[in-house]
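Structural description and commentary
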Amino acid sequence: MRRMIAVILALALLGLPAAFAVQPDEIMADPAKEARARELSRELRCMVCQNQSIDDSDAPLARDLRLLVRERIAAGDSNSQVIDFLVARYGEFVLLKPRFERQTLLLWLLTPLALGAGGIALWLQIRRRSRGDVNVPPPLTPDEEAKLAALMSDEAKSG
């Protein structure tokens, strides 16, 4: 029972930083605009934490970015205009999911290409084994068979 309580407490404590990342003074009065701001915040990378969205991060820079997003939304910018503004200001790195463009082509295609190459290599290996191209040692010569039989009989007598 104590172990269960400890696990629940640990999980609750792990979730606290993300739950309190967006401060009450950041929340917009209009629920629709706040929902847009939260959606956009989940797509943007915290430049300090790097593998966290600004929605989850409690870093001061993430707070500044959240406020900037809300400021742009309040000014009437669309979601794409807000994203374009932040990309122009901070570069493509600010996006957690980079755009599919010429500069990010390798990033997007490397995983499928690697999986495809691995699949082809596996298919070729299976095909080679099923054809019997595996290195099989040549059969024993009559001389070798006689020596083996002698060794086996000597071992049987001594054992």
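Read on for a plain summary of the structure. Position numbers for residues start from 1 in each chain and track the written sequence from start to end. Per-residue local features are limited, in this predicted model, to residues with pLDDT of at least 70; the limit for side-chain atom pairs, both in listing and counting, is 80 or more; totals at the level of whole chains, interfaces and linings are taken over all residues. Side-chain numbers here rest on the full set of heavy atoms in the structure, without hydrogens or water.

Details of the packing of aromatic side chains
- Geometry of aromatic contacts follows a simple scheme: Phe, Tyr and Trp rings, the Trp one being its six-membered ring, pair when their centres are within 6.5 Å, and the pair is stacked under 30 degrees between planes, edge-to-face over 60, tilted otherwise. Under the counting rule described, the total for this entry stands at one aromatic pair.
- To sit over a ring, a charge needs its Lys NZ or Arg CZ within 6 Å of the ring centre and within 35 degrees of the ring normal. Note that Arg45 overlies the ring of Phe93, its terminal NZ or CZ placed 4.4 Å from the centroid.
- The ring of Phe85 carries Arg72 above its face, with NZ or CZ at 4.1 Å from the centroid.

Focus on the pattern of salt bridges
- The working definition used for a salt bridge is a side-chain nitrogen of Lys or Arg within 4 Å of a carboxyl oxygen of Asp or Glu. All told, the structure shown has six salt bridges when counted by the stated rule.
- Of the charged contacts in the structure, one is a salt bridge between Asp55 and Arg42, with a shortest N-O distance of 3.7 Å. Taken as a pair, Asp55 in the loop between helix H2 (31–43) and helix H3 (60–74) and Arg42 in helix H2 lie far apart in primary sequence, 13 residues in all.
- Between Glu92 and Arg99 there is a salt bridge; the shortest N-O distance is 3.9 Å.
- The exposure class assigned to Glu92 is partly exposed, which follows from its relative accessible area of 26%.
- When salt bridges that share partners are traced, they join Arg38, Arg42 and Asp55 into one network. Helix and strand definitions here come from DSSP, where helices need a minimum of 4 consecutive H or I residues and strands a minimum of 2 consecutive E residues; each element is numbered from the N-terminal end. Burial here depends on accessible area, computed with a 1.4 Å probe over protein chains only, as a share of the maximum for the residue type. Under 20% is buried, over 50% is exposed, and the range in between is partly exposed.

Notes on the packing of H2 against helix H4 (residues 79–90)
- Every axis corresponds to a line fitted to the C-alpha atoms, with the helix fit spanning only the stretch in contact, and the corresponding angles, defined between N-to-C directions, vary from 0 to 180 degrees. Interaxial distance between H2 and H4 falls to 11 Å at its minimum, and their mutual angle equals 40°. With respect to H4, the element H2 is oriented oblique. Regarding H2 and H4, the two cross each other, and that crossing is right-handed. Of the residues in H4, those in contact with Arg36, Glu39, Leu40 and Glu43 of H2 are Asn79, Val82 and Ile83.
- Among the residues making up the contact of H2 with H4, the classes are represented as three nonpolar, one polar and three charged. Any angle that falls under 35 degrees is termed roughly parallel, while one over 145 is termed roughly antiparallel, one within 65 to 115 roughly perpendicular, and all others oblique. Definitions for this section: a left-handed crossing has its near helix turned counterclockwise from the far helix by less than a right angle. A right-handed crossing has that turn clockwise. Contacts between residues were defined by any pair of non-hydrogen atoms, one from each residue, lying within 4.5 Å. In this count, Pro and Cys sit with the nonpolar residues alongside Ala, Val, Leu, Ile, Met, Phe, Trp and Tyr, while Asp, Glu, Lys and Arg are called charged and the others, Gly among them, polar.

Focus: the nonpolar core
- Among the buried residues, those of types Ala, Val, Leu, Ile, Met, Phe, Trp, Tyr and Cys that are joined through side-chain atoms within 4.5 Å form a nonpolar core. Counting 18 residues, the largest nonpolar core has Leu44, Ile54, Val69, Ile73 and Leu86 as the members making the most contacts within it.
- Elements supplying a minimum of two residues to this core: H2, H3 and H4.
- For this core, the element with the most residues is H3, which contributes five residues.
- Beyond its immediate sequence surroundings of up to four residues, Val69 is in contact with Ala37, Leu40, Leu44, Ile54, Val82 and Leu86.

What about H3?
- The end-to-end C-alpha distance of H3, which contains 15 residues, comes to 21 Å, matching closely the 21 Å that a straight helix rising 1.5 Å per residue would cover.
- Considered for burial, the residues of H3 that qualify are Ala62, Leu65, Arg66, Leu68, Val69, Arg70 and Ile73.
- Residues of H3 that are buried in the fold lie against H2 and H4.
- After H3 finishes, the residue Gly76 shows a positive phi value of roughly 100°. Working rule for helices: expected span equals 1.5 Å times residues minus one.

Quick word on the state of the cysteines
- Note on terminology: disulfide denotes any pair of cysteine sulfur atoms within 2.5 Å. Going through the model one piece at a time under the given rule, you end up with zero disulfides.
- Free of any disulfide, Cys49 has its nearest cysteine sulfur in Cys46, 3.5 Å distant.
- Cys49 gets classed as partly exposed once you look at its relative accessible area, which sits at 33%.

A closer look at the environment of Arg72
- Tracing the sequence through the fold places Arg72 in helix H3.
- The exposure class of Arg72 is partly exposed, given its relative accessible area of 24%.
- Within the local environment of Arg72, its side chain forms a polar contact with the side chain of Asp77, the two groups lying 2.7 Å apart. Identification of polar contacts relies on pairs of N or O atoms within 3.5 Å, with a donor-acceptor requirement for protein atoms, meaning one able to donate a hydrogen and the other able to accept it, and with residues adjacent in sequence counted only if both atoms are side-chain atoms.

Here's the deal with the packing of H2 against H3
- Where H2 meets H3, the axes come as close as 10 Å, and the angle between the chain directions of the two elements is 135°. If you check the angle between H2 and H3, you find them oblique. Classified by chirality, the crossing of H3 by H2 is right-handed. Counted together, Lys33, Glu34, Arg36, Ala37, Arg38, Leu40 and Ser41 of H2 and Arg66, Val69, Arg70, Ile73 and Ala74 of H3 form the full contact between these two elements.
- The residue inventory of the contact of H2 with H3, partitioned by class, reads five nonpolar, one polar and six charged.

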